[in-house]
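Architecture and fold: a report
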Amino acid sequence: MRFAIGDTDFLLDGEPHRVLSGAIHYFRVHPDLWADRIRKAKLMGLNTIETYVAWNAHAPSPGEFDLSGGLDLGRFLDLVAAEGMQAIVRPGPYICAEWTNGGLPYWLFADGSVGVRRNEPGFLGAVQRYLEQLAPVLVPRQIDQGGPIVLVQVENEYGAYGSDPEYLRALEQMHRDIGLTVPFTSVDQPMGTMLEDGSLPSLHKTGSFGSRSAARLERLRQAQPTGPLMCSEFWDGWFDSWGEHHHTTPASASAEDLDVLLAAGGSVNIYMFHGGTNFGFTNGANDKGVYRPIATSYDYDAPLDEAGRPTAKFHAFRSVIARYAPVPPLPASMEPGGSGRLERYAYSSDREARITPATDLAVRLDRVTSLRSLLPTLTAWSAHDEPPTFDSLGAASGFVAYRAEVDLPVGGVLTVGTEVRDRAIVSVDGVVVGVLERENHDRAIALPPVTGTLELLVEDQGRVDYGVRIGEPKGLIGGVSIDGAPVARWTASPLALDPIAPAAATALSEVAPTGGDVLAGPTFAAGSFDLDTVDDRYLSLDGFRKGVAWVNGFCLGRYWSRGPQQTLAIPGPVLRHGRNELVVLELHAAASRTACLLVEPDLGHTEA
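I will try to describe carefully the structure that is included in this document. (Residues numbered from 1 in each chain as written. Predicted model: local features only at pLDDT ≥ 70, side-chain atom pairs only at ≥ 80, totals over all residues. Heavy atoms only, no water.)

1. With respect to the overall build of the protein
Regarding its fold elements, the protein presents 12 helices and 36 strands. For 608 residues, the compact-globule formula gives about 25 Å, and the C-alpha radius of gyration of the protein, at 25 Å, lands near that figure. Each principal axis of the C-alpha distribution contributes one length, and for the protein these read about 80 × 60 × 40 Å. A sequence separation of at least 24 residues applies to 78% of the contacts in the protein between residues at least 6 apart. Total accessible area computed for the protein in this model is approximately 21900 Å², and 52% of it derives from carbon and sulfur atoms. Side-chain charges of the protein comprise 50 positive and 75 negative groups, with the mean position of each set lying 1 Å from the other. (Helix = DSSP H or I, 4+ residues; strand = E, 2+ residues; numbered from the N terminus. Rg over C-alpha atoms; globule rule 2.2 N^0.38 Å. Contact = heavy atoms within 4.5 Å. Areas by Shrake-Rupley, 256 points an atom, 1.4 Å probe, with all protein chains shown as cover. Lys, Arg positive; Asp, Glu negative; His and termini not counted. Charge placed at Lys NZ, Arg CZ, Asp CG, Glu CD.)

This is the structure we're talking about:
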């Protein structure tokens, strides 16, 4: 088959073809649930699945490229093809996506010599190697080789960042050189000069917008007089940041804008069809003067919610699409009021267990031990003259512990020279004395009299994914002083938390159960629970303040009482029949040692 760009339409084997696509990021969905989410996209009337490729997820360290498990992009694309659907792939190298560092590997910028998103040899050389590693996955899966891929996007909203045609030409040629032959696209907002700055005549321009469809398409047509009109990011919702309100858009308004777009003959990629979850420490952040880390949930108020269930937007969009293309019949479970489950893609092998009614379950976290006591099993200390960055320690994300011995008979004022990136719990001899937060531009804290160990537990809350601060290092930037005198002779170590180091997990399992309710952090708390029914669950940590949670060793991500997110999604494939294990790292304090596994998600996020 052949896919091409005609004077007015996309052409599939020479015939006009409308792309009806929905975004699903394979790296935000458990791989055992990929087929379910893809099938549901088809049921809404879509014929294409779009995904970014998260370079830094595949390349967590130099010389490593992982295509296994949840990063098996080839398998994901094969599942798209198995549903008779096509695919749009956006390998970046920069993707934004509210994903840590916009998808760029942290290690690429560790020595400060490599450029970011520009025509610089170090950056382009790394991109070349990345694309060569992707080639065996993408090239044989193009439509003209019998695969599903019909379009490949070069860069991502570059017009909002720069205007370097030489950089874009170099990227385009690299994509061609690895054997990609399908049409190439660019995407930018149809505002100002972004469309012109972010593309080339050889790249088909597409728009990114979520409202005012007619005006946006008119601006797109002005920038590109011929070829099919396409909104390749039709924003049907938005992402959430910790401490802000939960973003929603009315289903009726989004459907109306979609109708206008399709009535004009446009093609579309709905961003997102299904958002999924920022598992582990993968969320990004924004910094436009104030640093704002993005929540663990990437629900996005999409047609398919974080739990994989159809929303009002699913049905509203399906009704609109049905005016322009055939849509398959819905199974009863996908109708309004249905369970939202597709029996064909149930991941449990035990049908009897699967149909057993599930109930909410309280989990007692009765094994408690301080983070300080487990540090020897989580760390490998190294000595430094000044606090090293996460990047120089080889830490992509998570936490780094910094220690120095101090002699302060009358106390003093600790100051971080430039910036805390992003949050530091300050302790002396194991006693917490305060917190420094980047969001509040905190850099100084008063210390009590102490002769002993000063410790700063620093959390990377998400690398900036948009704008000029992409690629910046994490840690205590600019050094640390007390009363103006630099503090030297530090030891530092990343904490092995994703996954939890085996020695730490073993030590935690051997902690004797204790009574009581209150937790004083930083502390680990663990408990076991039994399940007769394996299904998606949702972890509620009411009374806990801030931390990280794991189920059966799988890192669900961060929780924070400031909201708006109230529960953490637990994919059913992570659970097992019989005994399961829940671990929580509470950084501050909890009024309860009881967590709850909910059957229904609490998606009614708090409003800040």
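2. Observations regarding the pattern of salt bridges
Under the counting rule described, the total for this entry stands at 38 salt bridges. Close ionic contact of R579 with D530 constitutes a salt bridge, the shortest N to O distance being 2.8 Å. Placement of R579 in strand β34 (residues 578-586) and of D530 in strand β29 (residues 523-531) is noted, with a sequence separation of 49 residues between them. Shared partners join several salt bridges into a network, and the residues in it are D287, E419, R421, D422, R438, D460, R469, E472 and K474. (Salt bridge = Lys/Arg side-chain N within 4 Å of Asp/Glu carboxyl O.)

3. Here's the deal with the packing of aromatic side chains
Per the counting criterion, the structure on display carries 24 aromatic pairs. Between W34 and F76 the ring centres are 5.4 Å apart and the planes differ by 80°, which places this aromatic pair in the edge-to-face class. Placement of the pair is W34 in helix α1 (residues 34-43) and F76 in helix α3 (residues 73-82), with a sequence separation of 42 residues. Taken individually, W34 and F76 each receive the classification buried, so the pair is uniform in this respect. Both rings, one in W238 and one in Y300, keep their centres 6.4 Å apart while their planes meet at 40°; by these two values the pair is tilted. In this pair, W238 is assigned in the loop between β10 (230-235) and α8 (251-263) and Y300 in the loop between β13 (291-293) and α9 (312-321), connecting sequence segments 62 residues apart. (Phe/Tyr/Trp six-rings, centres within 6.5 Å; stacked < 30°, edge-to-face > 60°. Buried < 20%, exposed > 50% of the residue type's maximum accessible area, 1.4 Å probe, protein only.)

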